[in-house]
Amino acid sequence: MTLVYSGLLKGHRNWVTALVCPQGDSTTKVVTASRDCTMVAWRGAERHSIEGAYAVPEKRLEGHSNFVSDVAISNNGDYAVSSSWDGSLRLWNLKTGETMRKFKGHTKEVFSVAFSPDNRLIVSGGRDGKINVWNINGELMYTIDKDAHTDWVSCVRFSPAANMSLVVSGSWDNTVKVWSLGDYKCVFTLKGHTAHVSSVTISPDGSLCASASKDGKIKLWDLSRGEHLYELNCDEPVNQICFSPNRYWLCAATETRIRIYDLENKSLEGELIPEVPEGIKSKPQCVSLCWSADGTVLYGGFSDNPLPPYTPPGEETALKCPSKYLGPL
């Protein structure tokens, strides 16, 4: 395989902190969140060369007063929910770009948010160490406090399996916890990381959980038994991870590159290393990742300090879009 670069999305003025793709038919290719306090819904653009815009802003969602840390989309692609360092969540209508609900319940910055597979519940976690469960009307249903994390909650994700009402959370206390939403109890506490857990993700069939940490390790867990299976060593802090929707691959954003792992062989399938413009001393970091629903495009959101690759000084933060063909080293 060869590595094919597909282009840039330009529109944010600070780090692209999170991104998510609609699961069904939609004119929106991807929704992005940023430290510029906004979100952007992007639609495809007519292109005549690789230099042309891969997608253009369709709607800019404004309302948060601090960094937007995470974003999730409903299964039908009509709604998005965002979390922010302003301590709130917002439910958005993606067709109009308007805020429908504002969720208040966290006492400090909110770092992560997720929709349940049936779109009826929303879960969030943040710097107050709380995991909150909400309905879509913005009402706080429950705060998980028994057997809770002892430090900041960095990431929360629902299991996509319809028969498993589970939430997985990662924390600065170096642990991963699996929660049952049937009784709001902790099913498993997964230990082994030696630094804070930066990202958790669940395989499309709901059988596996992966956790990434600033210790440079990615751990794979059997979600039904709470057992550690094996680990992948990245040799540098890992910012975010995600499973491919149609291949047995795990994608990792680390300090210096994007890595693609073949989980069947437990091997590195390929990597993408950002180029550094002349005059820039250090490389930008990929801080967010997302596959398109069909698994043909991998989106990566980068930091802008320094500016992202292929972006001249003074231009806006860019979103990189390498294609599915992430080739061998």
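Okay, so let's go over this structure. (Residues numbered from 1 in each chain as written. Predicted model: local features only at pLDDT ≥ 70, side-chain atom pairs only at ≥ 80, totals over all residues. Heavy atoms only, no water.)

A closer look at the nonpolar core
Formed by 15 residues in total, the largest nonpolar core has its most connected members in Ile218, Leu220, Leu232, Ile241, Leu250 and Leu263. Those elements that place two or more of their residues in this core are strand S19 (208-213), strand S20 (217-222), strand S21 (227-233), strand S22 (238-243) and strand S23 (249-254). Ignoring sequence-local partners within four residues, the contact set of Leu263 consists of Leu220, Tyr230, Leu232, Phe243, Tyr248, Trp249 and Leu250. Membership of the second largest hydrophobic core comes to 13 residues, among which are Val31, Met39, Ile73 and Trp92. (Core = buried A, V, L, I, M, F, W, Y, C linked by side-chain atoms within 4.5 Å. Buried < 20%, exposed > 50% of the residue type's maximum accessible area, 1.4 Å probe, protein only. Helix = DSSP H or I, 4+ residues; strand = E, 2+ residues; numbered from the N terminus. Contact = heavy atoms within 4.5 Å.)

Here we look at the sheet that holds strand S16 (residues 176-180)
In space, the 4 strands of this open sheet follow the order S14-S15-S16-S17, with antiparallel pairing throughout. Single-partner strands in this sheet number two, and they are strand S14 (153-158) and strand S17 (185-190). Strand-to-strand twist of the sheet, defined as the mean angle between neighbouring strand axes without regard to direction, takes the value 20 degrees. Two elements, S14 and strand S15 (residues 166-171), share 5 bridges in a ladder whose sense is antiparallel. (Pairing = 2+ DSSP bridges. Axes fitted to C-alpha atoms, helices over the stretch in contact; angles between N-to-C directions.)

Details of the pattern of salt bridges
One pass over the structure, following the stated rule, counts 8 salt bridges. Arg225 is the partner of Glu227 in a salt bridge, and the nearest nitrogen-oxygen pair spans 3.2 Å. Residue Glu227 is classed as partly exposed on the basis of its relative accessible area of 38%. The partly exposed category is assigned to Arg225, whose relative accessible area is 48%. Its salt-bridge partner being Glu271, residue Arg257 comes within 3.0 Å of it at the nearest N-O pair. Of this pair, Arg257 sits in the loop between S23 and strand S24 (258-262) while Glu271 sits in strand S25 (residues 267-272), and the two are 14 residues apart along the sequence. When its relative accessible area of 22% is taken as the criterion, Arg257 is described as partly exposed. Members of the salt-bridge network, linked through shared partners, are Asp222, Arg225 and Glu227. (Salt bridge = Lys/Arg side-chain N within 4 Å of Asp/Glu carboxyl O.)

Some words on the sheet that holds strand S18 (residues 197-202)
Ordered in space as S18-S19-S20-S21, the 4 strands form an open sheet in which the pairing is antiparallel. On the outer flanks of this sheet lie S18 and S21, each paired with one strand and no other. Recorded for the sheet is a direction-independent mean angle of 20 degrees between the axes of neighbouring strands. Alignment of S20 against S21, held across 6 bridges, turns out to be antiparallel. Within the sheet, the bridge partner assigned to Lys217 lies in S21 and is Asn233.

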